[in-house]
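# Observations on chain architecture
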Amino acid sequence: MERDVIYLEDVTIRFAGDSGDGMQLTGSKFSDTSAFIGADVSTFPDYPSEVRAPEGTLYGVSAYQIHFGSKGVYTPGDKIDVLVAMNPASLKVNLPFLREKGILIVNTANFTEKNLKLAKYETNPLEDGSLKNYQVFKINFNEIVKEILKDSGLSPKQIERTKNIFALGLTYWLFDLPLTETEHWIKKKFGKKPEIAEANLKVLRAGYEFGETNELFAIRYRISTKKLEPGVYRNITGNEAVALALVVAAKKANLPLFLGSYPITPASEILHYIASYKPYGVLHLQAEDEIGGVTSAIGAAYGGALAATSTSGPGLSLKVEGLGLAVILELPLIVVDVQRAGPSTGMPTKMEQSDLFISMFGRHGEAPLPVLAASTPTDCFDMTIEAARIAIKYMTPVILLTDGYLGQSSEEWKIPDLDSIPEIPVEFYTKPDYLPYKRDPITLARSWAIPGYPGLEHRIGGLEKEDVTGVISQDPLNHQRMVELRAEKINRIQQDIPDAELFGSEDADLLIIGWGSTYGSIKAAFDRLTEKGYKLAYVHLKYLNPFPKNLGSIIEKFDKILVPENNLGQLAFILQGKFLKPVISYHKIQGRIFLSSEIENKILEVLNQKGR
Amino acid sequence: MERDVIYLEDVTIRFAGDSGDGMQLTGSKFSDTSAFIGADVSTFPDYPSEVRAPEGTLYGVSAYQIHFGSKGVYTPGDKIDVLVAMNPASLKVNLPFLREKGILIVNTANFTEKNLKLAKYETNPLEDGSLKNYQVFKINFNEIVKEILKDSGLSPKQIERTKNIFALGLTYWLFDLPLTETEHWIKKKFGKKPEIAEANLKVLRAGYEFGETNELFAIRYRISTKKLEPGVYRNITGNEAVALALVVAAKKANLPLFLGSYPITPASEILHYIASYKPYGVLHLQAEDEIGGVTSAIGAAYGGALAATSTSGPGLSLKVEGLGLAVILELPLIVVDVQRAGPSTGMPTKMEQSDLFISMFGRHGEAPLPVLAASTPTDCFDMTIEAARIAIKYMTPVILLTDGYLGQSSEEWKIPDLDSIPEIPVEFYTKPDYLPYKRDPITLARSWAIPGYPGLEHRIGGLEKEDVTGVISQDPLNHQRMVELRAEKINRIQQDIPDAELFGSEDADLLIIGWGSTYGSIKAAFDRLTEKGYKLAYVHLKYLNPFPKNLGSIIEKFDKILVPENNLGQLAFILQGKFLKPVISYHKIQGRIFLSSEIENKILEVLNQKGR
Amino acid sequence: MTTLVDKIIQTKPISAIEYAPKDFKSPLEVRWCSGCGDYSILSQVQKVLAGLKIPREQFAFISGIGCSSRFPYYMQTYGIHGIHGRAVIIATGLKIARPDLSVWVVTGDGDCLSIGGNHFIHAARRNIGLKVLLFNNGIYSLTKGQVAPTTQFGSPTKSTPYGNIDYPFNPVALALGSGSSFVARTFDRDPKHMQYILERAGRHNGFAFVEIYSNCVIYNDGAYDLFTSAETRKEHSIMLEHGKPLIFGTNNDKGIRLDGFTPTVVSLADGKWSVNDLIVHNEQDSTLAFILANMTYNPELPRPFGIFQAIQKPTYEELIAKQIEEAKAKTPDTSIETLLKGDSYWEIK
Amino acid sequence: MTTLVDKIIQTKPISAIEYAPKDFKSPLEVRWCSGCGDYSILSQVQKVLAGLKIPREQFAFISGIGCSSRFPYYMQTYGIHGIHGRAVIIATGLKIARPDLSVWVVTGDGDCLSIGGNHFIHAARRNIGLKVLLFNNGIYSLTKGQVAPTTQFGSPTKSTPYGNIDYPFNPVALALGSGSSFVARTFDRDPKHMQYILERAGRHNGFAFVEIYSNCVIYNDGAYDLFTSAETRKEHSIMLEHGKPLIFGTNNDKGIRLDGFTPTVVSLADGKWSVNDLIVHNEQDSTLAFILANMTYNPELPRPFGIFQAIQKPTYEELIAKQIEEAKAKTPDTSIETLLKGDSYWEIK
Ligand SMILES: Cc1ncc(C[n+]2csc(CCOP(=O)(O)OP(=O)(O)O)c2C)c(N)n1
Ligand SMILES: Cc1ncc(C[n+]2csc(CCOP(=O)(O)OP(=O)(O)O)c2C)c(N)n1
Ligand code: SF4
Ligand code: SF4
Ligand SMILES: [Mg+2]
Ligand SMILES: [Mg+2]
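Definitions and limits used
Residue positions are given per chain, counted from 1 along the sequence in the order it is written. Here chains are named by letter from A upward and ligands by number from 1 upward, in the order in which they appear as written. With the structure being a predicted model, the display of local features is reserved for residues of pLDDT at least 70 and the display and counting of side-chain atom pairs for 80 or more, all residues being used for whole-chain, interface and lining totals. With hydrogens and water excluded, all non-hydrogen atoms of the structure serve as input to the side-chain values. Distances decide who is a donor: an N, O or S atom must be within 2.8 Å of the metal, or within 3.2 Å for Na, K and Ca. Water is not included, so sites may look incomplete. Exposure is judged per residue with a 1.4 Å probe applied to protein chains only, and the accessible area is read against the type maximum: over 50% gives exposed, under 20% gives buried, and values in between give partly exposed. By convention in these notes, a salt bridge is any Lys or Arg side-chain nitrogen within 4 Å of a carboxyl oxygen on Asp or Glu. Residues are treated as being in contact if the distance between any of their heavy atoms lies within 4.5 Å. Joining two parts hides part of their accessible area as seen by a 1.4 Å probe, and the buried area is that hidden amount summed over both. Distance and chemistry together define a polar contact, namely a pair of N or O atoms within 3.5 Å, with one atom able to donate a hydrogen and the other to accept it when in protein, and with adjacent residues in sequence counting only for side-chain atoms on both sides. In this text, helices come from DSSP runs of H or I with a minimum length of four residues, and strands from runs of E with a minimum of two, each type numbered from the N-terminal end. Side-chain classes are defined by residue name, with Ala, Val, Leu, Ile, Met, Phe, Trp, Tyr, Cys and Pro counting as nonpolar, Asp, Glu, Lys and Arg as charged, and the others, Gly among them, as polar. Strands qualify as paired when DSSP identifies two bridges or more between them. Only the six-membered ring of Trp is used, alongside the rings of Phe and Tyr, when aromatic pairs are assigned; centres must lie within 6.5 Å, and planes under 30 degrees apart are stacked while those over 60 apart are edge-to-face, with the rest tilted. Either the NZ atom of lysine or the CZ atom of arginine qualifies as a charge over a ring when it sits within 6 Å of the ring centre and within 35 degrees of the ring normal. All axes here are fitted lines through C-alpha atoms, helices being fitted over the stretch that makes contact, and every angle between N-to-C directions spans 0 to 180 degrees. In this entry, domain limits derive from an automatic or database-based domain assignment. Each residue gets a pLDDT score, which is the predictor's confidence in that residue and runs from 0 to 100. Multiply 1.5 Å by the residue count of a helix minus one, and that product is the helix's expected span.

Here we come to the coordination of the magnesium ion (ligand 5). Residues and elements named next belong to chain C. Around the magnesium ion (ligand 5), the protein contributes the donor atoms Asp109 (OD), Asn137 (OD1) and Ile139 (O), at 2.0 to 2.1 Å from the metal centre. Read in sequence order, the donor residues for the magnesium ion (ligand 5) give the motif D-x27-N-x1-I. Judged by relative accessible area, which is 3%, Ile139 ranks as buried.

Right, here's the structure in full:
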C-alpha cells in the first residue's frame, strides 16, 4: 500500500499504560532507536509515586515521552503528537497533553466496564464521540498478540506481556524507523530464553507489518535527522551521566573513587550505578543516613580518595553540618543534589529548582562553597567532571545541582573520547616541611597530604585554626583573616571558569537568564522567537557561585531581565543582591519543567510591558 | 581621710584572674550592686574555652567586665578604666584594654617567678617600669586576708579563696558603692555555713576600709545614676531572659511549655534554666541530638504545647530538615539560635552574627519562616515573647537569633508586671467541621486541633497536601498554590509587626542599619557623633523576615547606608536583594562585638568619602 | 493551673467506647501493592485498637517515611506522617507533652534502624510509653529496593548488586541491648498471634517494641517464607510462650535446651531428652531474653517469635510527673512573679 | 591500576619501626584539667602504639567533640578532630578508602552514645576495622556538666538539676547487641590492664570497642570510685580473664555462678560452692558475653572489666576487597571506555 509521507522536523510521542504494562521499557527502546537514526532526542519518564498502584487506577498510570527530530529538541516536548494509550486510565490522564488533531492509538482490549469505572469514565470515550478532535486508531493489541503467538508455547500471561512490543513495532512503522536496534537488544536481553526472544521478535515485526498492511493508517511520517559528528553514541540519563563522570574524574585525577550515599528519590540511581561499578574498583558505602553519607566521604577525602556524596533535598538538609566541616577542613568533596519538589518530603518524584538558596547560604557561620548546575542530562556528565576539577584544585566541597527531571530523563550522548578529557592534576604533598594551611598564592588552596606518608603526620579539625600552620587558634584577628581567606578562595574560582555565553545580541530588548534544567524550555522558546524576529538575549548559568566574571557586565547592558525558575525566584534574588539590578522573576512550581510555550508567552508579555 | 571625689557619667571595670580565682562571681556581684544603686549596667564575662586550664597560664585567664553609669551604657565598654588583676597572666592578657592613665589594682601575692614565667614575662612588670602609663596600686591581697581571718578557724585554702571578696570591698569603696546588696547575698548564700558567711562579710568590709584608711588612694569616684522608674529590678543575661520569657509566653498563651534541646555552648544555659523550672511545671527533654531537639518539639506542638528548641550554630545546621517539616506542618515552634563563631565548630565560646543566612535560606525547597533578632540581653525577653506570639498566631516555626555575647552578658532589667504583658490568644479548634489546612483569611494561618478532642482525628505530614483539606496531593497547580500560600502567610506578618524606628533625622547624611547585638556599639557611637553635631540616622532591625513595612521607604531616603555586622555582610546582601539599593557593608569577624569607637571611626570614614 | 490542653483532655468522648475495627479506618484509600504484608498489620491493628477500650481520640499514630510509614493515613486517629527516621523522637515529644495519649509509632526497617537508629535506642532506654511497630520487610521498598539494615547477608539489592556485605541487625537484640522493657516479634501471616502481641504491647506500660516480619511482594518477596509459610514454619520457627518449655517442630517433637550457654536443638523423640530438659520461657528474665534473641540468625536454630521480654519499670512520663510534683512540693512559692525575680533583685520606689 | 594513593602507601617508612611512647607525643600542650582520667589513657595509648610495630604514619586518630575528643591533637599521628557525634562514620569512610591504615576513634559518652549512637551501632554491625575508645566519664564535660547517656540514674547535673530520669545505657550491652566482634571494658586507674586491653584491641581484626571509665575531676568526680579505687575495687569489680573462672573479692573468696540464667554471687569460703561451680569466661561465647554484660548495672553484682567478647568474622574492608576482586574477575573488559558505552550504543562514521 502506498501512503502519504509527511516530513517533520520533530515529533513527540508518549507511551502510556498501567504500571505493569512496560511503558518505561517501550519508551526507552523507542528513544534508543530514534537516537540511533541520528535524531536529537529528549525523553521524560513519568511514573506514579506509589510503588505499584492497583491496576487500572488513575494514579497507577505510567508514561514515557519521547521528543525527537532534527531541530528544537531541547525538551521532551510541550504537547504530544502521538499518544499510545494502553487502558482507559492512561487515556484519561494523558489526553490533555495531546495536541488537537494528534494521533491517538488505543489498545481497546482494556476498555472494559471495570477499567472505565476505575478511570472514572461515565461513558466509553471510544464510543461517546469525545475523541472527535483527534485521529483515533482503535486496535485490540491483546487479541492480535494472542493470535500471533498462539503456537509459541508461551503462557497467556507471557503472551499478553508482549503487547507493548507490538505497540513499539507499530510506532516504528509509523515513523519509518528501523527495527534493528531493538531486535539486537531483544536477542541480547533474552539470550538465555530463546522462546521469549523469538516471541518478542515476532511481535515486534508484526507490529511493524500491521502498520504496513492495515488500511487504518493513511499517513506515515518521516523525521528529518541531523548529520551527527562521527563517534559512538548512546542515550543517557542525568543520573547515569553523573555516576559515569565520577568514575572518569577519578581516573583523570588518578585517585580512587568513594561515594558515601543514602537512597533517596530521585537521586538513588546514582548510588545504584556506582554500586554496580565494582568491577572498576569503585568504593561505595550506603551509609546509615545522609549525615553518614557526607561525613564518610570527608573521611575518605582525608585518606586521598576522590570523594562524593549524592542526595536530594531532604538529604541535603541533613548534610548541612557536614558540609560546614568540609569547608573548614578544606578537603575536596563533590556533593550532587538531585533537586525535587519541597519543602520537607514535598512531592518526592517531582522536579523543582528550590535548593539553590540552601546550597548558597545553608550553613551556619561563614561557609561559602562553589555551586554548579547542570542544564541537560548530558551536561550532568560535564559538570560533574568540572565539580571534581574545582573541588580538587581549590580543596573545597562543591555542590552540583541537578534535578529529578535531569536525573531521570535522557538524551542522546556522544560518548567522549577519554583522551579528550583533560587530566585533573593532583599532587599529594611529600616534602618534609608540610604546613597544612599554607596556601597556593594563586588559588589560595592548601596542599593535600595524606596518611601513610612518613613524617607529615598532622591533625585537622572543625575548630578555627591558625593561618598557615593549621594549629587551633582563637586569636581574633586570625579568625577574621581565615574567614576572609576562605571566602576569597571561592571568589578566585571566578578566574578559572568560562565566561557566560550570550545567545542573541547585546542590544536585544530583553535578557533572559536561566539556570539548570530550564535550559531546554528557554532555548526552544528563545530560538522560536528569535526566528520570528524578536530581539532577545539569553544567558544560561552553569556556575552559580561564583558567577562567571563577565556576568555583571552583561547584566549592565540590559534594561529588562527575565529570570524563569522552578522556585519562587531564588536566582532572581541572588542576582539582585549581587548586581543591584531589578529582574523580573517568573516562577513555576508545579513539579514540572516549563513548557517552552509558557516561556514564549511570558517573553512576549514582558516585551509588551512598558518600563520594567 | 578626705579624698578628692571625681564625678563620672560612666566607668568600666574589669576583674581578671585565674579560672579558679572567682572572677565571674566577683564581677556579677559588682554588677548587681551597681545596678542596685540605679546605674545602667552592661557586663561581659570572658572566660577560657578550656574547662579548667592549668593555673597561671595565659589561656586560663578568666575576666568579668562591668560598664555602668548614667549615660551611654550600651556595651560593656571599649576601654577599661579600672583593671583588677589577680596574677601575672591576667595582667598580661588584659592590660591592652586598660586606657592610658587607667587604674590598675594588682594582687602582688601571685607575682612569683613561676607565675611570671607562665605568663611569659621576662621581667616583673611591677618592677620593670613598663606600667608607668597607669596608676598602679600594688596590694598583697593574700597577706591581708590571712591576717584578717587568722582567728576565723578557716583553713588556709578557705582563707585564700576570700581574696576576691576583698577586691570587691575595695572597689566598692573606690566607687562609693554600698555593701548592703552583697552582704545580703553572702548571708543568704552561706546561710548554712555561718563561719564562712562571717569570714566573707569581714573580708568584704575590710576591703572597703582598706580603701578608706590606706593612703594609697588619693582619689575616689562617684558615678552618677539615673532616676529609674519605680519597679522591681534585677540583672539578667540574655540566656536567662529567653528561658524566663518562654515560661511567661506559655503562661500568657495558657499552654504547657516544652523545650527539646541538646547542650551546646553558648546556648546551654537556656536548657539549664528551663530544666531548673520543674516547680513551674515546665517540660523539657535533653534529646539525643539536635535533630531530636527540634523534632521532639514538633511532636509536642502537635500535642498542643508551646514548643521550643534552643541551640547554637552547629545545632541549627542539624535542625534544618526538622524546620522544613515544621514549615509544611504549619505548627507553632520557637527556635532560639545563640550564634557563635563559625563555620563548623569554629570558636565555640565566641560570638558572631553569621547564622542569618542559614536562618533565612537554610532549608531545601521553598520553606520561608519568620526570623527575629534580639538586640540586648533584656530584649531577649521581649523578642522571645514576640517569637511565641508570631509562632502561635501564624502557626509557623520562628527563628529567634541571639548570640554568645547577648546570651552571657547581662544588664539591669525592670522586671515586667505580668499583667502588662498581653495575652497570647489561642483557640484549639473544637467544631466538628475541622479542615486542617483551612486558613484564616487575614493571617492565612490554619487552625490548630489537638489529639484528645473527639471527632477531629486527622493526620498531617511532610508530603504536599491539598489546600484546605490537607489531604496528600500531587496536583501540580495545588502545589504551586500551597507554596505561594505558605510564602504569603509569612509576608503578611509584616502587617502585624511594629514599624522600624528611625533614630536621628530623615535628612541625615548617612543611615546606619544594624541588627542583633551590634545595637549597643552602634547606639553609643551614634549618640556620641550626634552630640558632636553629625547628622546621622539609625535603624536597628529586630524583624529580619519579614522586614518592617516602612523599611523600604526609609531606605529610599538615604544615599549612604552603612551596615555593620559581625559576619561578611549577610544583612547587607539581603537588603540589596530586597531593596536594590547599594549599602556599605562593614564587617568584623573576630569573635567579639564591635567597639563603639570602631563604629565611630567607620562612620566618620564613610561620611568623608565622596559618593558612596 | 489548667491549661487549654487540659480542657481538651477533659472533653468527654462522643459516645460509649465501643468500637468496631472499621471505626479505625480512615477515608483514604489504602495504596500498598496487592499482596503486601502491611495490609495484614493494618487490619490486626484496627482490630486490636477496637478492643482496647480507649477513646479513639486518644490514639496518635506517628510514622517516618517508607511504604510502611503511610500507615497513619489509613487510621482514623490523630497522627503525623513525619520525616525519615524521626518517628520515634517526634512521638517522644508528643508523649512527654501528652502522657494521656496512647502513642503508636509505625516504622520500617530503614526508617527505624538505619536513619532512625539513634532515636530508637534512646527511646528504648528512656522507657517512654510508646508502642513501636517495626514493619520489617528486609528492604527499602518505597525507594524501590535498596539494602536495609535487616537485609540478609549476601543478598543482591539495587544498591548492593554484588550482594549485601553488611551483617544485618537483629532488631530484638538491639532493643534488649538498649533497655526496652517490652520486646516481641510476630509476622504478617498469623493474624491471631499478631493480635495477641499487639494487644499485649497496647497494654504495656512503658516502651513496647514489636518487630513484625512483613512480606514485600515487589522487592523482597518470600524473604521470610521459611519462618512464616504454613509449610515450613513449624520446623523453622518457635513460638515463645511465658511459662512454657521451648518446643517446636511439625510434630512438636523438638525442643531447645541450654548446652553450657548455648541454646541447642534436641529431639524429644529419641528418648534422650525430655520436656524437663528444655528452657522454660520467662518473659521477666532479661538474661534469658538475650539468649533467645541471640538465636535469631543462627541457621541451626528455629527463629523465635513471641514476647522475649515484658518487664515493668517506671516509665519516662511517670518519672517526669513525679519529679515535677516533688519539685512543686518543695518550692514554697511557684508563682511566675517569684521566678522572674531570681536570686537577687531590688525595688525602686 | 596504581593510583596516587597507592604510591603514597608504597612509600617506605623513614626508619626502622622501633618507637618509644614519646614518638607519639605531638608538640601541642595537653590541656585537660590536672587529675583528669584522660591523661592516663593518653599515656597508655602512646605506650601501646609504640609496641605495635606499625609505622607511625599508618595511624589515624579520629574524634568527635568533647574533652576526650581533643585526643588526636596530642598524638603525633594523622588525625581528624571531627564534628560532634560523627567520629565513627568519618573513620568508616577513611577505613574504606584506606584499609591499609590503623584507624582509631576517640569519643566521649555523649559523642559516641548520644548524638553519635547511630553511627556507632552501624559501624559495629558492619564489623569495620576500627578501634573505638569510648572515654566514659558519665557526663558532658566540655559543655560543663550536662547529663550523658551513661550518667547514673538519679544524679543531678546541670541539665537535670532534679536528678537524671534517663536510664543509662550499658555501652557494652549496646555494642554486643549491635554485633561488635571485640568488646572490652577497662579504666583509667589500672595502666597495666588498660595496656593489655588496648593492645588486644589494636591487634583485633575487625571492629574493636573499648569502654574506658575515665574520671572527670570537675563535673563527675569519683563517679566510678567504687569500681576503680584501690580500696573498693576488689570487692566491687571483677576482672574477666579468658578460660578462668569468675572470681573476685579482697581475698579472692567470691565467685559468680549461674543460677538458672541469673549470674549470682557465691562465697567460696563457706564450703557450699567451689571454683568448679563458677562461670568460666570464654571470650568466644557470644551468649556468655551478653550474660556478663548484663551484670553491669546490677548493684548486687561486681562490675565486670576485661574482654567480654573477641570473635573473628570477615571484616567490612575484607568483604569489599573480595567483592571487587570477584566482580573484576567476572567482567571480561573493565576498561572505562566500555563502561561508558553501557548496554546500548551505536556508531556514526
Ligand atoms: C532524609 C531522607 N532520606 C531519604 C529518604 C528516602 N526514603 C524514603 S523511605 C526510605 C526507606 C524506606 O525503607 P523502610 O524504612 O524499610 O520502609 P519500607 O518502604 O520498606 O516500608 C528512604 C531511604 C527520605 N524521604 N528522607
Ligand atoms: C552539633 C553539636 N552539638 C553540640 C555540641 C556541643 N558539645 C560539644 S562536646 C559535647 C558533649 C561532650 O560530652 P562527651 O562526649 O561525653 O565528652 P567529654 O567532654 O565528657 O569528654 C557537646 C554537647 C557541638 N559541638 N556540636
Ligand atoms: S513495595 Fe513492597 S512494602 Fe511497598 S507496598 Fe509494595 S509490597 Fe508493600
Ligand atoms: S572537665 Fe573533666 S573531662 Fe574535661 S578535662 Fe577536666 S577533668 Fe577531664
Ligand atoms: Mg523496609
Ligand atoms: Mg563525657
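More follows now that the structure is in view.
To continue, consider the pattern of salt bridges. According to the stated counting rule, one finds 96 salt bridges over all chains in the structure shown. Taken together, the shared-partner salt bridges connect Asp176(A), Glu212(A), Arg220(A) and Arg222(A) into one network.

In this section: the interface of chain A and chain D. At the junction of the two partners, chain A supplies 73 residues and chain D supplies 65 residues. Summed over both sides, the interface between chain A and chain D buries roughly 6000 Å², with carbon and sulfur atoms accounting for 68% of that surface. Counting across the interface, chain A meets chain D through two salt bridges. With a shortest N-O distance of 2.6 Å, Arg126(D) and Glu288(A) are connected by a salt bridge. Linking chain A to chain D there are 23 residue pairs in polar contact (both at pLDDT 80 or more). At the level of elements, helix H1 (23–36), helix H7 (180–189), strand S9 (231–237), helix H9 (238–253), strand S11 (283–286), helix H11 (290–302), helix H12 (313–329) and strand S17 (459–461) of chain A are the ones that each hand at least two residues to the side of chain A that touches chain D. Of all the elements, H11(A) adds the most residues to the side of chain A that touches chain D, at seven residues. Here the residues of the side of chain A that touches chain D sort into 42 nonpolar, 18 polar and 13 charged. Of the strand pairs in this sheet, S17(A) and strand S2 (residues 78–81) of chain D are connected by three bridges, and their pairing is parallel.

Before going further, it helps to spend a moment on the interface of chain B and chain C. Facing the 73 residues of chain B at the interface are 64 residues of chain C. Here chain B packs against chain C, burying approximately 6000 Å² in sum over the two surfaces, 68% of which is carbon and sulfur. Taken together, the connections running from chain B to chain C amount to two salt bridges. Across the pair Glu457(B) and Arg56(C) runs a salt bridge, and its minimum N-O distance is 3.3 Å. The interface formed by chain B and chain C contains 24 residue pairs in polar contact (both at pLDDT 80 or more). Broken down by secondary-structure element, the contributors of at least two residues to the side of chain B that touches chain C are helix H1 (23–36), helix H7 (180–189), strand S9 (231–237), helix H9 (238–253), strand S11 (283–286), helix H11 (290–302), helix H12 (313–329) and strand S17 (459–461) of chain B. With seven residues, H11(B) is the single largest residue contributor to the side of chain B that touches chain C. Taken together, the residues that form the side of chain B that touches chain C break down as 42 nonpolar, 18 polar and 13 charged. Sheet topology places S9(B) next to strand S12 (residues 345–348) of chain C; four bridges connect them, and they run antiparallel.

One pass over the structure, following the stated rule, counts 89 aromatic pairs over all chains. Through a chain of ring-to-ring contacts, the aromatic side chains of Trp32(C), Tyr39(C), Phe61(C), Phe71(C), Tyr74(C), Trp104(C) and Phe135(C) assemble into a single cluster. The lysine or arginine in question, Arg14(A), covers the ring of Phe97(A), its NZ or CZ lying 5.3 Å from the ring centre.

Residues and elements named next belong to chain B. Read across the sheet, seven strands follow the order S11-S10-S12-S13-S15-S14-S21 without closing on themselves; strand pairing throughout is mixed. Two strands close off the open sheet at either side, each with one partner strand: S11 and strand S21 (543–545). Here the strands of the sheet are splayed against their neighbours by 20 degrees on average, with no regard to which way each runs. Note: strand S10 (residues 257–261) against S11, four bridges, orientation parallel. Of the residues in S11, the one forming a bridge with Leu259 is His284. Relative to the sheet, H11 contacts S10, S11, strand S12 (306–311) and strand S13 (333–339), its axis offset from that of S12 by approximately 170 degrees.

Looking now at the environment of Ser473(A). Looking at the secondary structure, you find Ser473(A) in the loop between S17 and helix H16 (476–492). Those residues within four positions of Ser473(A) in sequence are excluded, and the remaining contacts are Glu464(A), Lys465(A), Glu466(A), Asn478(A) and Met347(B). A polar atom in the side chain of Ser473(A) sits 3.1 Å from the backbone nitrogen of Asp475(A). A polar contact of 3.4 Å, which involves the side chain of Ser473(A), links it to the side chain of Asn478(A).

Let us now look at the domain arrangement of chain A. Think of interface size as the accessible area that goes away when the parts come together; that is how it is often given. Residue and element names in this part refer to chain A. When its domains are assigned, chain A resolves into domain 1 (4–223), domain 2 (234–420) and domain 3 (503–609). Taking the mean C-alpha position of each, domain 1 and domain 3 sit 36 Å from one another. Summing both partners gives a buried area of about 670 Å² for domain 1 against domain 3, and 56% of it is carried by carbon and sulfur. The largest share of the area that domain 1 buries against domain 3 comes from Tyr74, Thr75 and Asp78, three residues that together contribute 76% of it. Across the contact surface, domain 1 and domain 3 share one salt bridge. Connecting domain 1 to domain 3 are five residue pairs in polar contact (both at pLDDT 80 or more). For the side of domain 1 that touches domain 3, the per-class residue count stands at three nonpolar, one polar and two charged.

Now for the confidence of the model for chain C. For chain C, per-residue confidence averages 96 on the pLDDT scale, and residues scoring 70 or more make up 100% of the total. The ipTM assigned to the predicted complex is 0.97, against a pTM of 0.96.

We now examine the coordination of the magnesium ion (ligand 6). Around the magnesium ion (ligand 6), the protein contributes the donor atoms Asp109(D) (OD), Asn137(D) (OD1) and Ile139(D) (O), at 2.0 to 2.1 Å from the metal centre. Site description for the magnesium ion (ligand 6): donor spacing in sequence, D-x27-N-x1-I.

Time to look at H1(A). The end-to-end C-alpha separation of H1(A) is 20 Å, in line with the 20 Å expected for 14 residues at 1.5 Å each. A positive backbone phi angle near 100 degrees is found at Gly38(A), which sits one or two residues after H1(A).

Now for the sheet that holds strand S4 (residues 130–136) of chain D. Pairing in this open sheet of nine strands is mixed, and the strands run S17(A)-S2(D)-S1(D)-S3(D)-S4(D)-S6(D)-S5(D)-S11(D)-S7(D) from one edge to the other. Strands with a single pairing partner mark the edges of an open sheet, and in this sheet they are S17 of chain A together with strand S7 (237–240) of chain D. The average undirected angle you get between the axes of adjacent strands in this sheet is 20 degrees.

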